[in-house]
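Analysis of the macromolecular model
Each chain is listed here by its residues.
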Amino acid sequence: MKIKEGYILREVAESYVVVPIGEATLDFNGMMTLNGTGAFLFERMIKGTTKEKLMQDLITIYKIDKETAKTDVVDFIKKVKEADLFE
Amino acid sequence: MIKEKPIVEQYKIADIDVTMKTYYQRTYNQAKKYHVKNPSWKPEDTDVRLSFGHEYYEMKKNTTLKGSTFEDIEYICTGSLFNRFLLKYNGCMLHSSAVVVDGHAYLFSANSGTGKSTHTNLWIKHFGEKAFILNDDKPALRKVNGCWYAYGTPWSGKTDLNSNKKVKLGAIVFLERSDNNWIEPISVKEAIPRFFRQTVRKLDFEETMDAVLENMEKVITEVPIYKMGCNISDDAVVTAYEKIRRV
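This text gives an overview of the structure that appears in the document. For clarity, every value in this text was computed on a predicted model and none was experimentally measured.

Calculation criteria
Residues numbered from 1 in each chain as written. Chains lettered and ligands numbered in written order. Predicted model: local features only at pLDDT ≥ 70, side-chain atom pairs only at ≥ 80, totals over all residues. Heavy atoms only, no water. Helix = DSSP H or I, 4+ residues; strand = E, 2+ residues; numbered from the N terminus. Buried < 20%, exposed > 50% of the residue type's maximum accessible area, 1.4 Å probe, protein only. Contact = heavy atoms within 4.5 Å. Areas by Shrake-Rupley, 256 points an atom, 1.4 Å probe, with all protein chains shown as cover. Salt bridge = Lys/Arg side-chain N within 4 Å of Asp/Glu carboxyl O.

What to know about the overall build of chain A
Each helix and strand counted, chain A has four helices and three strands in total. The order of helices and strands in chain A, counted from the N terminus, is β-β-α-β-α-α-α. Along the first, second and third principal axes, the C-alpha set of chain A runs to 40 × 30 × 20 Å. For chain A, the proportion of its 87 residues judged to be buried stands at 43%. Of the contacts made within chain A by residues no fewer than 6 positions apart, 47% connect residues no fewer than 24 positions apart. Counting every atom, chain A has about 4900 Å² of accessible surface; 49% of that belongs to carbon and sulfur.

Some points on the pattern of salt bridges
On inspection of all chains with the given rule, the structure shows 15 salt bridges over all chains. The residue Glu43 of chain A makes a salt bridge to Arg44 of chain A at a minimum N-O spacing of 3.9 Å. For Glu43 of chain A, a relative accessible area of 41% translates into the label partly exposed. Asp15 of chain B serves as the salt-bridge partner of Lys166 of chain B, at 3.7 Å between the closest nitrogen and oxygen. Of the two residues, Lys166 of chain B sits in strand β10 (residues 166-177) while Asp15 of chain B sits in the loop between β1 (7-13) and β2 (16-22), which places them 151 residues apart along the sequence. Since its relative accessible area comes to 39%, Lys166 of chain B is described here as partly exposed. When salt bridges that share partners are traced, they join Glu43, Arg44, Lys53 and Asp57 of chain A into one network.

Put into structure tokens, the structure is as follows:
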């Protein structure tokens, strides 16, 4: 599970944003805003990861339970899929 | 009409030394206010050079700017390049109509066709001689000596309304149409996607995008930002002014 080429994650005034550069601007004409968890997950998706790995990372870093981690990851994958940002 | 030879002149735009080459009247005429006849600087020393070969315009006419005249293509290309250079000067462009009253520029920003110019035009009607349009389409914003300013530039859209002036930036208002008039401040977080949508954003390089986001972050955290719903009436002007006036 990996994000398409040309999307970068940045922090702007304590918010996180995803914007396209280069050819990606032809497909995606705007900006996606994320919260801290979203940014955490997106960063890993840029490098390439799996649903299970994401859940595990959330549990390790944020010390949350498995159910919450699963919900967060599933919801976020859905959001990214809807924006058509996956390879 | 195609000029045989392009003209190369020196300009001062948003306090920046610019060398610009023009083939066509539109941009040349609009830039006259900014022309510097005997510049104190050497043309080769300007960092900002807006100089396209005519082949570039021809390429644009065959691709992304089909249906535009060469005059308009030159206007778009020179303006677009200037706005990218602006990023290196602690500045950015905001797609908005900027009206000045009491020494402050108030920027009304929205997608094309929403009614930015219509609204600022009502300010002129309301304030008469006390108000003027700084730039009706894409004012340049720059942070100079710790303070944000708005500038007129030659690139001011269809109405060609612009003044070669530097004015303290009073407020930015994101506009939408509404049956009744209302205005409220918005948070920095709310401002981010709105501002981004109205500035330079189709970029090829990460460094340029970083410059956009950096300058944007400064403006929205240091200048009052509002959103407003308005109709076409004098009341719309009063509603906005009473809320955002800095004097």
